[in-house]
Structure formats: structure tokens, C-alpha cells
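The residues making up each chain are set out below.
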Amino acid sequence: MKKTILLAAMAACLFATNVFAQKIKGSDTCLPVSQTEAENFMNKNKGTKVTVTGGGSGVGISALMEGTTDIAMSSRKMKFDEKVRLQEAKKNAKEVVIAYDALAVVIHPSNKVDNLTREQLEGIFTGKIKNWKEVGGADMKIVAYSRETSSGTYEFFKESVLKNKNYMNGILSMPATGAIIQSVSQTKGAIGYVGLAYVNKDVKALHVSYDAGKSFVEPSFANAKNKTYPIVRPLFYYYEAKSEGRVKPFIDYVLSAEGQETVKKVGYIPVK
């Protein structure tokens, strides 16, 4: 009888571990919202454990391929070659949009420039525009910061703002979004790009125009929601289809009214 009870208890523990121990890895943009969602989920479901780490969208997707994460966070859609590699590994990835983000272009607070067009941003990040005086600012060298190539934000900025042109040689690549905020806040000639939730008083977010300077729009929750701000993208979770039963409780929570309220509080735009 004791043996039966012991086996049942062990099975129950194994089941709980299987269902409620989740690893989430990837996009730094998704990191603040996923960390808060995980804390709230664990508080509501005692005994559960959700571990969230960053590293970039590409890192998260690679971890999903390797089986070292349950959910990959990504601030870009999965690439064709990544899908092929997953199929080759006999894995079927499912995609869920958990929020939307306005990508903010930030500069040092002392910089007098308030507005830039997409074309001017392209010129700065491809290296054609090198001094702030070329875009209405002071006579000061532009110091451009970018995310690393494994970052989904790097990919999205290149696609949306640079129109797939290459970043300039020697651009300062940062390993995390927080590092861009810190670097821009400490460098008077700096410019970089970050997810909306990372914008704080230590940097200034620029108003951006995608209509050749006719209208400049501030990155904000309201402007992203009403779609007047032009640099908006979905944020994704990817997971293996065969793991759906294990990851669904957490994903369902993130997509619930309470979870989407957290999305808003963190600084992103809810799915609905």
C-alpha cells in the first residue's frame, strides 16, 4: 500500500514538473512583459515555475530547435531557413501573437532634434549622414547604436526603416536593449532604437515621419494603438506543437484579459 502511495506521489510530482515548469527564452523586447506575466502566473498558481531569459529572437528560436526552451520569444516572424531547420529536426512550431510594440528611436535628452523622417534615419544608420547638423541639430558627430544580428529588433528595424539596406560598417552593436538605453543616455551624439516599454526619462524618443516629413508622430501607446505611429510590429511566442498541452496554460493566461492588461501596464499594445 505504501509503495502504491509513493509511486502515485512520484507520478504526481512528475506530472506537475512536466506541466508547470516552463522555460521561456529569446527576444529582449518581449523580456519585460514575459517576466511580469510569469511572476503573476506563478503567484496565481502556487507550485508553478516559469523561467524567463533574454538573448535575442534568434537565440530563442535556436533554443526551441535544440529543445532547451519550451517557448521562444520573438520580435520578428520566424525566418524561412529557421522553419526549414525545424522541419528537418522533425519539429512543428506554432506561432502566437501576444502583443504589439512601437519601436522607438531614442537620442540623448540634451539633443535639440525632435523629428526625423524615415529617409533621414536610413541615412544615419547606413552611414550617409554623419553629423547632427545635417538633420537640423548641433555640429556634433552622430554615434549610432544597434542591436546584434541575432536580435529580432535588429531585423525589423533593417526591414522597416532601412528598407533592407545594410547597416553602416562599424555600427556599435549592443547585446541587449538595456545596453542601448544606457549607452544613449551617456553619449550626447547618440541615437539608437528600442521597444516602447524600455523608453524612460534618461533618453528622448523622436517623432518619426513615414510620409517624407508631412507629419511626425510620437511613439506612444495611443499612437501605436490607433496606427498613426508607423513603426509597429507584433511580438510572438513560438512553441512546439507536441508541447501545446504543457505550454497552453501560461499562453492562455498571457492572452487573457488579465494578461493583456499586464501587456498594457508594461508599455506594449494588447492584441485585442
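Definitions and limits used
- Residues numbered from 1 in each chain as written.
- Predicted model: local features only at pLDDT ≥ 70, side-chain atom pairs only at ≥ 80, totals over all residues.
- Heavy atoms only, no water.
- Helix = DSSP H or I, 4+ residues; strand = E, 2+ residues; numbered from the N terminus.
- Buried < 20%, exposed > 50% of the residue type's maximum accessible area, 1.4 Å probe, protein only.
- Contact = heavy atoms within 4.5 Å.
- Areas by Shrake-Rupley, 256 points an atom, 1.4 Å probe, with all protein chains shown as cover.
- Axes fitted to C-alpha atoms, helices over the stretch in contact; angles between N-to-C directions.
- Parallel < 35°, antiparallel > 145°, perpendicular 65-115°, else oblique.
- Left-handed = near helix turned anticlockwise from the far one by under 90°.
- Pairing = 2+ DSSP bridges.
- Right-handed = clockwise from strand over helix to strand, strands pointing away.
- UniProt positions renumbered as here; feature names shortened; annotations may be inferred.
- Phe/Tyr/Trp six-rings, centres within 6.5 Å; stacked < 30°, edge-to-face > 60°.
- pLDDT = per-residue confidence, 0-100.
- Salt bridge = Lys/Arg side-chain N within 4 Å of Asp/Glu carboxyl O.

**Student:** Help me understand the overall build of the protein, please; the structure alone is not making it clear to me.
**Tutor:** Helices and strands together make up the secondary structure of the protein, namely ten helices and eleven strands. Considered along the principal axes of its C-alpha atoms, the protein spans approximately 85 × 35 × 30 Å. In the protein, buried positions account for 49% of the 272 residues. Here the analysis covers contacts within the protein between residues at least 6 apart in sequence; of these, 73% occur between residues at least 24 apart. On the protein, roughly 13200 Å² of surface is accessible, and the fraction owed to carbon and sulfur atoms is 54%.

**Student:** When you look at the packing of helix H2 (residues 31–44) against helix H9 (residues 244–255) in this model, what are you seeing that I'm missing?
**Tutor:** When two helices pack together, their arrangement is given by the angle between the helix axes and the distance between those axes. Viewed as axis vectors pointing N to C, H2 and H9 meet at an angle of 110 degrees, and their least axial separation amounts to 10 Å. Considering the angle they form, H2 stands roughly perpendicular to H9. For the element pair H2 and H9, the recorded crossing hand is right-handed. Within the contact between the two elements, H2 uses Ser 34, Glu 37, Ala 38, Asn 40, Phe 41 and Lys 44 and H9 uses Pro 249, Phe 250, Tyr 253 and Val 254.

**Student:** Is there a simple way to think about the pairing of strand S6 (residues 143–147) in this case?
**Tutor:** The element S6 is largely enclosed, with a buried count of four among its five residues. For S6 and strand S8 (residues 190–195), the ladder comprises two bridges, and the chain directions are parallel. Counterpart to Ala 144 in the pairing with S8 is Ile 191. Across three bridges, the pairing between S6 and strand S7 (residues 172–174) is parallel. Residue pairing across strands places Ser 146 opposite Ser 173, the latter belonging to S7. Traced from S6 through helix H6 (residues 152–160) to S7, the parallel crossover comes out right-handed.

**Student:** What should I look at first to understand the UniProt feature "domain: PBP" (unreviewed entry) in the protein in this one?
**Tutor:** Within the UniProt annotation, "domain: PBP" (unreviewed entry) is assigned to residues 22–258. For residues 22–258, helix accounts for 34% and strand for 25%, while the C-alpha atoms at its two ends are 20 Å apart.

**Student:** Would you take a moment to explain the side chain of Gln 22 for this structure?
**Tutor:** By the element assignment, Gln 22 lies in strand S1 (residues 21–26). Sequence-distant contacts of Gln 22, defined by excluding residues within four places in its chain, comprise Lys 49, Val 50, Thr 51, Asp 70, Arg 246 and Val 247.

**Student:** When you look at the pairing of strand S2 (residues 49–53) in this model, what are you seeing that I'm missing?
**Tutor:** Alternating residues of S2 divide into Val 50 and Val 52, all buried, and Lys 49, Thr 51 and Thr 53, none buried. As a crossover connection, the stretch from S1 through H2 into S2 is right-handed.

**Student:** Looking at this structure, I do not really get the environment of Lys 83. What am I missing?
**Tutor:** With respect to the secondary-structure elements, Lys 83 resides in helix H4 (residues 80–88). Each C-alpha atom of the pair Lys 83 and Phe 221 lies 32 Å from the other, and the pair is 138 residues apart in sequence.

**Student:** Would you explain the packing of aromatic side chains in this entry?
**Tutor:** Remark: the centre distance and the inter-plane angle together describe each pair of aromatic rings, the angle taken between the planes. In total, this model carries ten aromatic pairs according to the counting rule given. Three or more aromatic residues joined by ring pairs form one cluster here, namely Phe 125, Tyr 154, Phe 157, Tyr 167 and Tyr 193.

**Student:** Help me out: how do you make sense of the confidence of the model for the protein in this one?
**Tutor:** Atom-level detail of predicted coordinates should not be read off regions where pLDDT is low. Residue-level pLDDT values for the protein average 92, and 93% of them are 70 or greater. Residue range residues 1–19 is modelled with pLDDT below 50. Its contacts to residues more than four positions away, or to other chains, number three contacts.

**Student:** Whenever I open this one, the pattern of salt bridges confuses me. Can you help?
**Tutor:** Two side chains with opposite charge may pair up if their charged atoms get near one another. If you walk through the whole model with that rule in mind, you get 17 salt bridges. With a closest N to O distance of 2.8 Å, Arg 76 and Glu 82 form a salt bridge. Pair check on accessibility: Arg 76 and Glu 82 agree, each one buried. With a shortest N-O distance of 3.0 Å, Lys 77 and Glu 95 are connected by a salt bridge. Placement of the pair is Lys 77 in the loop between strand S3 (71–74) and H4 and Glu 95 in strand S4 (residues 93–107), with a sequence separation of 18 residues. Accessibility expressed as a relative area gives 47% for Lys 77, which makes it partly exposed. Overall, the relative accessible area of 37% leaves Glu 95 in the partly exposed class. Where salt bridges share partners, they join Arg 118, Glu 119, Glu 122 and Lys 165 into one cluster.

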